[in-house]
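Descriptive structure summary
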Amino acid sequence: MNLINITVLGTGYVGLVSGVCFAECGHKVTCVDTNKKKIDILKKMKSPICEVGLEELMVKNAKAGRLSFDSSLVSSINSSDIIIIAVGTPSLPNSNEVNLSYIYQCVDDICSYLGKNMVVIVKSTVPIGTCDDLQKKIDSKSMQYKCTIVSNPEFLREGVAVNDFMNPDRIVIGINEDIFNKKSLEHLYANHISRGVECVYTNRKSAEMIKYSSNAFLAMKVAFINEISDLAEKYNADISDVSRGMGLDTRIGRRFLNPGPGFGGSCFPKDVKALIDMSNSVGLESSLISSIKSSNDSRAINIANRILSQTQKNDVVSFLGVTFKAETDDVRDSPIIPIINEVLAQGRSVKIYDPAGIGNAKGIFVHEESKKKISYFNDALESVKESSLAVIGTEWKEFKQLDPIAMKSMMKKSQIYDLRNIVNYDSFRKANFIINCIGKHQNEQ
Ligand code: UDX
Ligand code: UDX
């Protein structure tokens, strides 16, 4: 196996997972982040993010001398064969546009210190055409070295990112230089290629488009099943059966057909908005892609109104699960946040429990008004005390085993709203709970 020396810029969900996993594949990796606090945590062999299996791999590969951390690229750049850019590309505030300032900062830093020919891989999600622009920018610096930009988007899901990195459905590589020596990329992904993972070689713009189109399509699938679940409720159909019956059609596929409070996270909302922005900037209307965003945006208020219709002013509403999905501590763009804000605005008090995201949640509700009416708990049962409604916001495994008898003894009113259709329906019904769920006949009592 040809060992590659790699510098990864950015140690977020994408950069850290990619760096650790490339080290696990046998390469020598330096992970760089300008956030010195993060680097200090990493040097203490602690992962700043919640990812199954990541910390163990970090410790193993650091001990093997394949993985190190630094707050600057200066010491590792010229001993690297490849530089991977994995810094954040968030939406600009109140805009569909992408903030590319961190990407351009990385390229400036590379140009300032580069002392050899280099392959620069852009793993961050960037609008179509960005990599070509970066190539032009680097070439215009008329450095004495050749620096080739490659687009190599990732498809990691938070919570299972290590698994997704090591077992991808495909590897997408965008290169424009046909004389480009693909060898270094084949060595980089040798472990994957040897296991039969398919590599899609294309040009940079198409590689960038594959990423946005994949995320927007998956977001559309989620928005679609959410709307179908509203229809199922009106016709007393059962969305779980509808989803199963649809998903067995191999042209549709069963994944991403689970209804819920709406899609969230640091990617789907951002990437759908970016695709709308890209379409509009070339004069295309993007009616379907725009409808994915508007359908999802309206879902939060739709769900909040259902919660309000089941409670009165001054009632306590408990939210079990505030992260944007289960198995993560990430609350970025969680659909539960606007739901909680609306419930508070309509005079309810809120209690919040989350198995992993409670710390991040406390950083979200910072308005003085909200602070007075929100309390946080590290225990599900404590969080439903005096509550008139327990809302299941995310599909954490522990919520599948909630004890309705214990909950009943704590609650003012025995009522749940299961936004993920995961609780044990029969045990709650036997305990005389009013059970509201998504896309099914409501159990009115
Ligand atoms: C993000 C985007 O969400 C994703 O769409 C994109 O593909 C990759 O970047 P994520 O890993 O979640 O994914 O980003 P984030 O958690 O924000 O981490 C980015 C890291 O880059 C942060 O640790 C930040 O400190 C670091 N960074 C940012 C730098 O090291 N240098 C910079 O100039 C800017
Ligand atoms: C997504 C893409 O899946 C991944 O390929 C890309 O690299 C980054 O963005 P992630 O944002 O981590 O990954 O989460 P994902 O598991 O895709 O879920 C996204 C949102 O859709 C979550 O809010 C989730 O709750 C919701 N969702 C997903 C549903 O509501 N129903 C589903 O069936 C699946």
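Read on for a plain summary of the structure. (Residues numbered from 1 in each chain as written. Chains lettered and ligands numbered in written order. Predicted model: local features only at pLDDT ≥ 70, side-chain atom pairs only at ≥ 80, totals over all residues. Heavy atoms only, no water.)

1. Things to note about the site of ligand 1
As a matter of local geometry, ligand 1 sits amid 22 residues, with Tyr13, Asp33, Lys38, Thr125 and Lys270 nearest to it. Backbone polar atom of Val14 to an oxygen atom of ligand 1: 2.8 Å apart, as the coordinates give it. Between ligand 1 and Arg332 there is a distance of 3.0 Å, counted from an oxygen atom to a side-chain nitrogen or oxygen. For ligand 1, the accessible surface in isolation is 690 Å², of which the surrounding protein chains cover 86%. (Near = heavy atom within 4 Å. Polar contact = N/O pair within 3.5 Å; in protein donor to acceptor, adjacent residues only side chain to side chain. Areas by Shrake-Rupley, 256 points an atom, 1.4 Å probe, with all protein chains shown as cover.)

2. Quick look at the site of ligand 2
Around ligand 2 there are 18 residues in total, and Leu156, Glu158, Lys211, Asn258 and Gly264 lie nearest to it. Asn258 places a main-chain nitrogen or oxygen 2.8 Å from a nitrogen atom of ligand 2. The separation between an oxygen atom of ligand 2 and a polar side-chain atom of Lys325 is 2.9 Å. Taken by itself ligand 2 offers 660 Å² of open surface, and the protein chains cover 93% of this. If one sorts the elements of the shell around ligand 2 by residue count, helix H10 (residues 204-234) sits on top with three residues. Partitioning the shell around ligand 2 into residue classes produces nine nonpolar, three polar and six charged. (Helix = DSSP H or I, 4+ residues; strand = E, 2+ residues; numbered from the N terminus. Nonpolar A, V, L, I, M, F, W, Y, C, P; charged D, E, K, R; others polar.)

3. Quick notes on helix H3 (residues 54-63)
Residues of H3 that are buried: Leu54, Leu57, Met58 and Asn61. Along the axis of H3, the buried residues cluster in a sector spanning 105°; they form a single face. Exposed side chains of H3 directed beyond 90 degrees from the buried face belong to Glu56 and Lys63. Along its buried surface, H3 packs onto helix H1 (13-24), helix H2 (36-43), strand E3 (67-70) and helix H7 (161-166). Backbone geometry just downstream of H3 places Gly65 in the positive-phi region, at approximately 80°. (Buried < 20%, exposed > 50% of the residue type's maximum accessible area, 1.4 Å probe, protein only. Arc of directions from axis to C-beta. Contact = heavy atoms within 4.5 Å.)

4. A closer look at the pairing of strand E4 (residues 82-85)
The side-chain alternation of E4 yields two buried faces, one formed by Ile82 and Ile84 and the other by Ile83 and Ile85. Alignment of strand E1 (residues 5-9) against E4, held across four bridges, turns out to be parallel. Directly across from Thr7, in E4, lies its bridge partner Ile83. Summarising the sheet, E4 and strand E5 (residues 118-122) pair through four bridges and their orientation is parallel. What sits directly across from Ile82, in E5, is Val119. One crossover worth recording links E4 to the parallel E5 by way of helix H5 (residues 101-113), and it is right-handed. (Pairing = 2+ DSSP bridges. Right-handed = clockwise from strand over helix to strand, strands pointing away.)

5. Quick notes on the packing of aromatic side chains
Within this structure, the stated rule accounts for six aromatic pairs. When the centroid spacing of 5.0 Å and the interplanar angle of 90° are considered together, the rings of Phe22 and Phe165 count as edge-to-face. Taken as a pair, Phe22 in helix H1 and Phe165 in helix H7 lie far apart in primary sequence, 143 residues in all. By relative accessible area, Phe22 is classed as buried at 0%. Under the relative-accessibility criterion, Phe165 is labelled buried at 6%. Between Phe263 and Phe268 the ring centres are 5.8 Å apart and the planes differ by 80°, which places this aromatic pair in the edge-to-face class. Here Phe263 matches Phe268 in class, with each residue buried. An aromatic cluster of at least three residues, connected via ring pairs, comprises Phe22, Phe165 and Tyr189. When the ring centre of Phe155 is taken as reference, the NZ or CZ atom of Arg170 above it lies at 3.5 Å. In this structure, Lys182 is placed above the aromatic ring of Tyr201, and the distance from its NZ or CZ to the ring centre is 4.2 Å. (Phe/Tyr/Trp six-rings, centres within 6.5 Å; stacked < 30°, edge-to-face > 60°. Lys NZ or Arg CZ within 6 Å of the ring centre and 35° of its normal.)

6. Comments concerning unusual backbone geometry
One non-glycine residue, Asn94, lies in the positive phi region at around 50°. Residue position: Asn94 is located in the loop between E4 and H5. The phi dihedral of Glu327 is positive, around 65°, even though this residue is not glycine. With respect to the helices and strands, the residue Glu327 is situated in the loop between strand E9 (316-320) and helix H14 (336-345). Look at Glu327 and you get partly exposed, because its relative accessible area is 28%.

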